[in-house]
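Each chain, written out:
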Amino acid sequence: MNKFIVPFSDNLIFVNGGFISTVRSIPNYLRFLSTSSTATPNASTALLSEEEEAFDLTSHVIQEKDYLKKSPNGGLRVLDLIDQGVLEPDGKLYNQLLNKCTQLGKIKEGKLVHNHFLKSRFKHYMVIQNTALNMYAKCGCLDDARQVFDKMPVKDMVTWTAMITGYSQNEKPEEALVLFPEMLRAEMKPNHFTFSSLLKAAGARTDEREGGQIHGFCLKYGYDSNVYVGSALVELYCRYERMNEAHFVFDGLVDKNEVSWNSLIAAHARKSEGDKALRVFQRMQRHDFKPTHFTYSSIFSACASTGSLEQGKWIHAHMLKSGLKLIAFIGNTLLDMYAKSGSFDDAIRVFDRLVKSDVVSWNSMLTAYAQHGLGEKTLDHFEKMKKTGIEPNSVTFLCVLTACSHGGLLDKGQYYFELMKKSNIEPDVSHYVTMVDLLGRAGQLDRALNFIEELPIEPTSAIWGALLGACRMHKNMELGAYAAERVFELDPYDSGPHILLYNIYASAGKWNEASKVRKFMKEIGVKKEPACSWVDIENSVHMFVANDDNHPMQNEINKMWGKISEKIKEIGYVPDTSHVLLYVDEQEREVKLQYHSEKLALAFALLKTPPGSTIRIKKNIRVCGDCHSAFKYASLVVEREIILRDTNRFHHFYRGSCSCGDYW
DNA sequence: TGTGAAGGGT
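Rules of the game
Residues numbered from 1 in each chain as written. Chains lettered and ligands numbered in written order. Predicted model: local features only at pLDDT ≥ 70, side-chain atom pairs only at ≥ 80, totals over all residues. Heavy atoms only, no water. Salt bridge = Lys/Arg side-chain N within 4 Å of Asp/Glu carboxyl O. Buried < 20%, exposed > 50% of the residue type's maximum accessible area, 1.4 Å probe, protein only. Helix = DSSP H or I, 4+ residues; strand = E, 2+ residues; numbered from the N terminus. Expected span 1.5 Å × (residues − 1). Arc of directions from axis to C-beta.

## A few points about the pattern of salt bridges
Then, in step 1: As enumerated under the stated definition, the model contains 20 salt bridges in all.
Then, in step 2: Here E210 and R205 are joined by a salt bridge, their closest N and O atoms 2.8 Å apart. Of the two residues examined, E210 and R205, each falls in the buried class.
Then, in step 3: For E489, the salt bridge identified is with R486, shortest N-O distance 2.7 Å. Of this pair, E489 and R486 both sit in helix 28 (residues 477-490), three residues apart, which is roughly one turn of that helix.
Then, in step 4: Relative accessible area serves as the criterion here: at 56%, E489 is assigned to the exposed category.
Then, in step 5: For R486, a relative accessible area of 15% gives the class buried.
Then, in step 6: Residues joined by salt bridges that share partners form a network here, namely E208, R242 and E245.

## With respect to helix 30 (residues 511-524)
Then, in step 1: End to end, helix 30 covers 20 Å across 14 residues, agreeing with the expected 20 Å (1.5 Å per residue, within 8%).
Then, in step 2: Along helix 30, the residues that are buried comprise W511, A514, V517 and M521. Buried residues of helix 30, viewed axially, fall in a sector of 120°; they line one side. Turned more than 90 degrees away from the buried face of helix 30, the exposed residues are N512, K516, K519 and E523.
Then, in step 3: In the segment just after helix 30, G525 is the residue with positive phi, at about 80°.

Here is the structure:
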């Protein structure tokens, strides 16, 4: 493991892993700051809404000043009372008022209080100036905060830190980092507050040297063992996706708290490392730390990404026992986990039990309906949402349009696209892609092309890709080739469009053209992602790749599929060999079909799960037409519900039919 | 009387 080297001079800056660079003076440090900037969300006011409803500046002051009880008016009555000479203000009062405005995000009132303060005899009080600066920064008014900062003739360490924090928390990491050397030049000594904000800022940028340098300063000033700074360091290395370093810093922390644990769990969740996230979660409890909203939110998100339904259910039970309320903060990820793992009914139950839902909860539910092919139900849900007064946003409309596209609801899709524009929500690329998909799937290929040509933006590869997909579906070779060319001009290295074009040619028997596509792919070095399926059995994931016969139970799997195949043929299944897009004879095509990864996964699941239980399979590409047909018959023969999640949506096979109504 | 770190939907 690498050691951290402590710099003992301002002229030397070291980072994790050893010496990176020598900086002779502080201005040189600035050269390390590149210009790109990445955003970090700030959710500090997430749980304030109930208190906000009860906003009343006066009532806040009343608690401490009895004579104000006689003044029933709220809001800025306090300022009037000062003007009328009824109330003699002191510095503490201005601070209280400014802080209350900060806490409730009441910037308009805050500005009035600030202006009043500037006319008062306390206007030179640095502490109150700091409070005002902090108020502007917390409310996202960075220009106002900066104005306060620039006008302050005397600044202390809190002034500098509040400004740095303001930038850090408002997605201006570069500005935060630039201020640090200035602060040092002004001979201010940074403290643990300064470092936690600087580390957050550094974590939002791509140049890892910056974070390393700040880490060096933390060590130099002796703040690395502070619990806030330590957690920020863990988070920094998580943001850089350097998990070994993150664990190394974490293990070295004498003082850990929930935040340090949550950072690690969230980072593994972001990287879709569900098993690692779960391991940290279990360790956290062994060390007697209580999981918080953040912990559960991350854990459910990790389970959603890996489709670990059983583990997710176990943690859900754990959460219920802990007594934490099902607020949107956790509920939305829990809902998403159930939806993504195919437990649609559980997703609805979570939604219905949410203590307070927000626009994300509604959008998540809309997504769940849309992905399960329930077009009309998605639209009902959307109408219900509007009645509750929750404002739809651009994601809401994307969910609605996706539902229309997947459900074949052409007219309704067009209606909602217009409604979106009328609601002053500007469509973005994702909406345009969905509209092309909607028109294309419905077979309106010319209209889809027309739509693209009239777009107010330059069409992207995703937009042309949607048209290409539709051409594959409707076997339109000429337009497909045209769309493919546009995609290749914009993004030649994505394998998907090449495969689509190959499939268009191959399914039409145009083997010369098809082989040209293969040749072109080889020339530019694009490789086809192998098709694979997963099935989760007894807490372990089993993966199957098409035509792969390396599984230890391969013989049993083949025998099982052989049995199923015979039975489904008896009731009408006919292998559709047009889905084997290889230049091979008919008999070999049928053999190829039976080794499709989803069929192998299904046969294995039938061997390993009790009769009657639901089978859940995941696939990395769209299900093929033959497998879709075979699964419908299989669900009848084996009397099981089979849920298949592919890249686009869910298919629920039950009693011989599929929830998608064969439209996908 | 003032300053800090952790989560989510297509």
